[in-house]
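Next come the chains, spelled out residue by residue.
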Amino acid sequence: MRRVKIKDILTNQPIGQDVNVKGWVRTFRNNQFIALNDGSTISTLQIVADREKEDESLLKKITTGAAISATGKVVESQGKGQSVEIHANKIEVLGEADPEKYPLQPKRHSLEFLRDIAHLRFRTNTFSAVFRVRHAAAFAIHKFFNDRGFVYLNTPIVTGSDAEGAGEMFQVTTLDLNDVAKDDSGAVDFSQDFFNKATNLTVSGQLEAELGALALSEVYTFGPTFRAENSNTSRHAAEFWMIEPEVAFADIHDNMDLAEAMLKYVIKHVMKQCEDDLTFLEQRLINEEKQKPQNERSDMALKEKMAFVLENDFQRLTYTEAIDILRNSKPNKKKKFKFPIDGWGADLQSEHERFLVEKHFKKPVMLVDYPKEIKAFYMRMNDDNKTVAAMDILFPGIGEIVGGSQREERLDVLTSRMKDFDIPEHEMDWFLDTRRFGTCPHAGFGLGFERFVMFLTGMGNIRDVIPFPRTPGNAEF
RNA sequence: GCCUCUUUAGCUCAGCUGGUUAGAGCGCCGGACUGUUAAUCCGUAGGUCCAAGGUUCAAGUCCUUGAAGAGGCGCCA
């Protein structure tokens, strides 16, 4: 008999039909009631075993975590808590789970403990929900761009470009590290390396995406990104996924419109597709926050927060306006900020961003037009000659989720900016060619996928929204 | 990289100003019950108190160093 997914049975309720289901036992109550989950939905399906007829040795093997196959009739449930159940006439244990050794019990486990057993944590309600939501979000992103005529571009993961300037890179080499090839001057001889040059894992696909956009008009990347930063926070990982759209004939305002539309589209899609997962995750978050002091709890539940973001325009303001607000803010006047705001030009610290997003505006904030000194060389110089057309999107609880800009398309301005940043022109010749031939205004941004999934799931640590997270000192699994 | 906190049973935790034999809930195992909902009830077992040094008559508790984890900051997505 063909296997039916539990989600289908719970949705269609084919009462009277004989079906086969396969999945993993969550609990086995009363030697009779199996709560079975197959990952198709957060809900379990109740399998009723015939205690009289079934072999006792078989019943003994039905333990939490075991994989079973059950065949029987779908009937209306007599008990509370579920509408239908299966009266099994045949149960097969496909894979036993020794209860002495199986680490997952039908009880609450800490996220830290589950992180240590990341290979098994998919079997929990929380993580199965998180990864279904993550999938739905990834799918929605592809659909959003596809429907708008964007081309999905796969930029290189191994890169020979060392001028991306977005942080420390992981080196990629096949040189024998125990006996590194040296040249005459004693330096490492990368001409003997696999690519005949020094290579790294990408920190951003942006520069390559720009090349694509200046021919295909609209492109986006969606791939892994690597940063060898020693960052020890709940929102940084050494390996994470980034979405980087790049649009020709677009300015910073088009860019902001695109980012806002995309974020809202994905939120809407996830709310529709993952209703029951979100309900579970929302409750999980409420329970977790019960242990926190009142003032640290969020004032909106998960779905409420998502709906709120959906229904309201993101707050747009310039860096200069933000500085004014911060300078006149209560915490600044009462010297509550660790880094007081006294003038124009310094980068905002997380405490300032959090004040703007969580206290002042209480919604996502888009900041534009930053001082040129604190932003990257490729961002377009504004007419004031002091600021660049950069934008950051800040989300409550997570901070920076998007960073983007209009790109500097004027060759002379770009090369002079590169000089300021000590970036050698000859290494970026391929990049500059796009400015030499048929250059045009264009813009793009990078969205940290995991940070967005944190918002969508209410999870507070990036390590809990990526299946096998890589962080300093940790590359297990 | 910097600062703070944590580490006690399989899991989640309690263990007071250092003082007899280190506790609870859940899980496991055994039994009872049998339409249960993290089932319930009774019972048993289960500990290198993170590690190494030190102080003390006495250390789970105090000190030093180290390890692992968490939170905050910086870097950023």
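Sequence order as written defines residue numbering, which begins from 1 separately in each chain. Chains and ligands are labelled sequentially in the order written, the chains with letters from A and the ligands with numbers from 1. The predicted nature of this model means local features are confined to residues of pLDDT at least 70 and side-chain atom pairs, given and counted, to a pLDDT of 80 or more, with totals for whole chains, interfaces and linings taken over all residues. Where side-chain values are given, they derive from all heavy atoms of the structure, hydrogens and water being excluded.

### Describing the packing of aromatic side chains
Logical step 1: Aromatic pairing here means that ring centres of Phe, Tyr or Trp (its six-membered ring) are within 6.5 Å. Orientation follows from the plane angle: under 30 degrees is stacked, over 60 is edge-to-face, and everything else is tilted. One pass over the structure, following the stated rule, counts 19 aromatic pairs.
Logical step 2: Measuring from centroid to centroid gives 5.7 Å for Phe122 and Phe468, while their planes differ by 75°, and the two rings are edge-to-face. Here the residue Phe122 occupies a position in the loop between helix H3 (111-116) and helix H4 (125-147), and Phe468 occupies one in the segment after helix H14 (449-457), the gap between them amounting to 346 residues.
Logical step 3: Measuring from ring centre to ring centre gives 5.4 Å for Phe377 and Tyr378, while their planes differ by 75°; the resulting arrangement is edge-to-face. Like Tyr378, Phe377 is buried.
Logical step 4: These aromatic residues form a ring-pair network of at least three members: Phe144, Phe145, Phe150, Tyr152, Tyr220 and Tyr265.
Logical step 5: The ring of Tyr370 carries Lys375 above its face, with NZ or CZ at 4.2 Å from the centroid. Secondary structure elements follow DSSP: runs of H or I no shorter than four residues count as helices, runs of E no shorter than two count as strands, and numbering proceeds from the N terminus. Classification of residues uses two cut-offs on accessible area relative to the type maximum, computed with a 1.4 Å probe and protein chains only: under 20% is buried, over 50% is exposed, and between them is partly exposed. Here, a charge over a ring is recorded when the distance from Lys NZ or Arg CZ to the ring centre is within 6 Å and its angle to the ring normal is within 35 degrees.

### Thoughts on the environment of Leu104
Logical step 1: By the element assignment, Leu104 lies in the loop between strand E5 (84-95) and H3.
Logical step 2: Once the C-alpha coordinates of Leu104 and Arg121 are considered, the two residues, 17 residues apart in sequence, prove to be 8.3 Å apart.

### Concerning the sheet that holds strand E8 (residues 171-172)
Logical step 1: Two strands pair if DSSP finds at least two bridges between them. Taking strand neighbours across the sheet as the criterion, the three strands line up as E7-E9-E8 in an open arrangement whose pairing is antiparallel. At either margin of the open sheet sits one strand with a lone partner, and together these are strand E7 (158-159) and E8.
Logical step 2: Across two bridges, the pairing between E8 and strand E9 (residues 199-201) is antiparallel. Each bridged residue has a counterpart across the sheet, and for Val172 the counterpart in E9 is Thr199.

### Observations regarding the domain arrangement of chain A
Logical step 1: Where each domain begins and ends is defined by an automated method or by a domain database. Taken domain by domain, chain A holds domain 1 (6-103) and domain 2 (123-168 + 203-464).
Logical step 2: With centres defined by C-alpha atoms, the gap from domain 1 to domain 2 works out at 44 Å.
Logical step 3: The contact criterion used throughout is that any non-hydrogen atoms of two residues lie within 4.5 Å. Taken residue by residue, the interface counts eight residues in domain 1 and nine residues in domain 2.
Logical step 4: What gets called buried area is simply the loss in accessible area from a 1.4 Å probe that two parts show on being joined, summed for both. Together domain 1 and domain 2 conceal approximately 690 Å² of surface at their shared face, both sides included; 39% is due to carbon and sulfur atoms.
Logical step 5: A carboxyl oxygen of Asp or Glu within 4 Å of a side-chain nitrogen of Lys or Arg is what we treat as a salt bridge. Across the contact surface, domain 1 and domain 2 share zero salt bridges.
Logical step 6: For this analysis, a polar contact is any N or O atom pair within 3.5 Å, provided that within protein one partner can donate a hydrogen and the other can accept it, and provided that sequence-adjacent residues contribute only side-chain to side-chain pairs. Counting across the interface, domain 1 meets domain 2 through five residue pairs in polar contact (both at pLDDT 80 or more).
Logical step 7: Gly is placed with the polar residues, together with every amino acid not listed as nonpolar (Ala, Val, Leu, Ile, Met, Phe, Trp, Tyr, Cys and Pro) or charged (Asp, Glu, Lys and Arg). Class assignment of the residues belonging to the side of domain 1 that touches domain 2 gives a composition of three nonpolar, four polar and one charged.

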